[in-house]
Amino acid sequence: MRFVLASQSPARRGVLRNAGIDPVVRVSGVDEDAVAASLPDPKPDELVVALAEAKARAVLADVAAEFPAAVIVGCDSMLHFDGEMVGKPATVDIARERWTRMAGGTGELLTGHAVLRVDGGAVTASARGTERTVVRFGRPTERELDAYLASGEPLAVAGGFTLDGLGGWFVDGIEGDPSSVIGISLPLVRGLLANTGLSVVDLWV
């Protein structure tokens with residue numbers, strides 16, 4: 001049974017490796033904006049789970065052809081802040097504007113997960129769920145924020161911050177699962193695997 005991560009995120013891969021799983025990585029290439037646009041007024045939980053499932057299903061055919069027995073895990077993270085779902089800022093100007101609003105505030109990082117169990121080349125079980133973690137943001141000085149934005153790190157991550165990288169200096173605290181903030185919730189994935197009849201210990205390397 002091969003563990004396939006439908007994500008190119010080094011952070012997610014790192015969490016799994018540190019927890020005893022060396023995943024096969026398959027990048028989905030899903031158009032996240034198109035998936036989101038296809039959903040009629042989704043709730044925050046529904047949005048991240050739909051994106052996670054789209055990623056898992058995008059690699060399904062190739063994975064099923066390559067590995068007769070596999071479990072595919074797709075994830076998607078977004079920050080719910082001030083009534084808005086926030087993804088990757090992509091540009092320095094957007095990241096700066098968001099950090100100006102987030103500084104000293106509190107948001108909720110949502111990570112949607114989708115698990116597909118593949119046996120004999122076909123999906124035999126699936127499970128999905130969302131982990132929510134409260135994040136309390138610090139107040140970086142102007143110089144600190146300039147340096148953080150110049151690093152490029154916040155441009156390619158949900159909410160424009162990391163917990164396990166440079167952004168960790170500007171997070172005052174969290175309430176909930178730290179692995180979910182990094183990108184994949186170990187406790188939730190363990191439960192979703194159990195729902196498909198798998199134990200995480202059987203996937204450890």
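Below: a short report on this structure.

The rules behind the values
- Residues numbered from 1 in each chain as written.
- Predicted model: local features only at pLDDT ≥ 70, side-chain atom pairs only at ≥ 80, totals over all residues.
- Heavy atoms only, no water.
- Phe/Tyr/Trp six-rings, centres within 6.5 Å; stacked < 30°, edge-to-face > 60°.
- Helix = DSSP H or I, 4+ residues; strand = E, 2+ residues; numbered from the N terminus.
- Buried < 20%, exposed > 50% of the residue type's maximum accessible area, 1.4 Å probe, protein only.
- Salt bridge = Lys/Arg side-chain N within 4 Å of Asp/Glu carboxyl O.
- Arc of directions from axis to C-beta.
- Contact = heavy atoms within 4.5 Å.
- Polar contact = N/O pair within 3.5 Å; in protein donor to acceptor, adjacent residues only side chain to side chain.

### Some points on the packing of aromatic side chains
Turning to step 1, where the next piece is worked out: In the structure shown here, the tally under the stated rule is 6 aromatic pairs.
Turning to step 2, where the next piece is worked out: Between Trp99 and Phe137 the ring centres are 5.6 Å apart and the planes differ by 80°, which places this aromatic pair in the edge-to-face class. Taken together, the positions of Trp99 in helix α5 (residues 92-102) and Phe137 in strand β6 (residues 122-137) put the pair 38 residues apart, joining distant regions of the chain.
Turning to step 3, where the next piece is worked out: Residue classification places Trp99 among the buried residues on the basis of a relative accessible area of 1%.
Turning to step 4, where the next piece is worked out: Residue class for Phe137 comes out buried when judged on its relative accessible area of 2%.
Turning to step 5, where the next piece is worked out: With a centroid separation of 6.3 Å and an interplanar angle of 80°, the aromatic rings of Trp99 and Phe170 are classed as edge-to-face. Residue Trp99 is located in helix α5, and its partner Phe170 is located in the loop between α6 (142-151) and β7 (171-175); the two are separated by 71 residues in the primary sequence.
Turning to step 6, where the next piece is worked out: Ring pairs connect the aromatic residues Phe81, Trp99, Phe137, Tyr148, Phe161 and Phe170, which therefore count as one cluster.

### Side note on the environment of Gly107
Turning to step 1, where the next piece is worked out: Following the sequence through the fold, Gly107 ends up in strand β5 (residues 106-119).
Turning to step 2, where the next piece is worked out: With a relative accessible area of 5%, Gly107 lands in the buried category.
Turning to step 3, where the next piece is worked out: Each C-alpha atom of the pair Gly107 and Phe137 lies 7.9 Å from the other, and the pair is 30 residues apart in sequence.

### Considerations on the pattern of salt bridges
Turning to step 1, where the next piece is worked out: For the coordinates displayed, the defined rule picks out 14 salt bridges.
Turning to step 2, where the next piece is worked out: Ionic pairing is found between Arg132 and Glu108, a salt bridge with its closest N-O pair at 2.4 Å. Of this pair, Arg132 sits in strand β6 while Glu108 sits in strand β5, and the two are 24 residues apart along the sequence.
Turning to step 3, where the next piece is worked out: Overall, the relative accessible area of 34% leaves Arg132 in the partly exposed class.
Turning to step 4, where the next piece is worked out: Salt bridges sharing common partners tie together Glu32, Lys55, Asp76 and Lys88.

### Some details on helix α1 (residues 10-18)
Turning to step 1, where the next piece is worked out: All of the buried residues in α1 are Arg12, Val15 and Leu16. Each buried residue of α1 lies within a common arc of 95° when the element is viewed along its axis, so the set occupies one face. Exposed residues on α1 whose side chains face more than 90 degrees from its buried face are Pro10 and Asn18.
Turning to step 2, where the next piece is worked out: Those residues of α1 hidden inside the fold are in contact with β1 (2-5), β3 (69-81), α7 (178-182) and α8 (186-195).
Turning to step 3, where the next piece is worked out: Of the residues flanking the start of α1, the one acting as N-cap is Ser9, its side-chain oxygen 3.3 Å from the backbone nitrogen of Ala11.

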